[in-house]
Amino acid sequence: MSTETFEPYGVPDAFCEALARIERIGSCRRLVFTVTDHSAPGSLSRAVVAKLVVPAELMAELAQMIAADRPEPGSAFARLPVDAVAH
């Protein structure tokens, strides 16, 4: 059984250069992504461009997908309830 994926409105892409930090939010994790800010000459600073909140139990599966260059999630996503972070 597969879950239908749709985009009810245009979700913009965000170009990211680095994962700046991972924050703990209860049973979830917030991944904070950045790009280099070139507006301040002579200083190295990063601008946050995206924050992604996911259930902590999916972090290992995400890492495996990235490492294996897999476009589709494995069984961990299939086991996740539809409203997993709704509470």
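Structural notes, computed from the coordinates. Quick caveat: nothing in here was measured; it's all calculated off a predicted structure.

Before going further, it helps to spend a moment on the overall build of the chain. Along its length, the chain carries 2 helices and 3 strands. Counting over 87 residues, the chain shows a buried share of 16%. Pairs at least 24 residues apart make up 25% of the contacts formed inside the chain by residues separated by at least 6 positions. Surface exposure of the chain reaches about 7000 Å², of which carbon and sulfur atoms provide 57%.

Right, let's talk about the pairing of strand S1 (residues 18–25) for a bit. Along a regular strand, successive side chains alternate from one face of the sheet to the other. The pairing of S1 with strand S2 (residues 28–37) spans 7 bridges and is antiparallel. In the strand pairing of S2, Arg24 is matched with Arg29. Joining the antiparallel neighbours S1 and S2 is a turn of 2 residues, in which Gly26 adopts a positive phi near 60 degrees.

Time to look at the pairing of S2. In this structure, S2 lies alongside strand S3 (residues 45–55), joined through 10 bridges in antiparallel fashion. Residue pairing for S3: Thr36 is matched across the bridge by Arg46.

All right, on to the sheet that holds S3 then. Taken in spatial order, the 3 strands line up as S1-S2-S3 in an open sheet, and their pairing is antiparallel. This sheet does not close on itself; its edge strands, each paired only once, are S1 and S3. Mean inter-strand twist for the sheet, computed between neighbouring axes without regard to direction, equals 25 degrees. Against the sheet, helix H1 (residues 59–68) makes contact with S1, S2 and S3, and its axis sits at roughly 115 degrees relative to S3, the strand it touches most.

Attention now moves to the pattern of salt bridges. Inspection of the entire model under this criterion finds 3 salt bridges. In this structure, the salt-bridge partner of Glu23 is Arg21, at a minimum N-O distance of 2.6 Å. Among the residues examined, Arg21 registers a relative accessible area of 40% and is labelled partly exposed. Glu23 is the partner of Arg30 in a salt bridge, and the nearest nitrogen-oxygen pair spans 2.5 Å. A single salt-bridge network, built from bridges that share partners, covers Arg21, Glu23 and Arg30.

What follows covers the side chain of Glu23. Examined against the element boundaries, Glu23 turns out to sit in strand S1. Of the polar contacts made by the side chain of Glu23, one reaches the side chain of Arg30; its length is 2.5 Å. Once residues lying within four places of it in the same chain are set aside, the contact partners of Glu23 are Cys28, Arg29, Arg30 and Val32.

Criteria and thresholds
- Residues numbered from 1 in each chain as written.
- Predicted model: local features only at pLDDT ≥ 70, side-chain atom pairs only at ≥ 80, totals over all residues.
- Heavy atoms only, no water.
- Helix = DSSP H or I, 4+ residues; strand = E, 2+ residues; numbered from the N terminus.
- Buried < 20%, exposed > 50% of the residue type's maximum accessible area, 1.4 Å probe, protein only.
- Contact = heavy atoms within 4.5 Å.
- Areas by Shrake-Rupley, 256 points an atom, 1.4 Å probe, with all protein chains shown as cover.
- Pairing = 2+ DSSP bridges.
- Axes fitted to C-alpha atoms, helices over the stretch in contact; angles between N-to-C directions.
- Salt bridge = Lys/Arg side-chain N within 4 Å of Asp/Glu carboxyl O.
- Polar contact = N/O pair within 3.5 Å; in protein donor to acceptor, adjacent residues only side chain to side chain.

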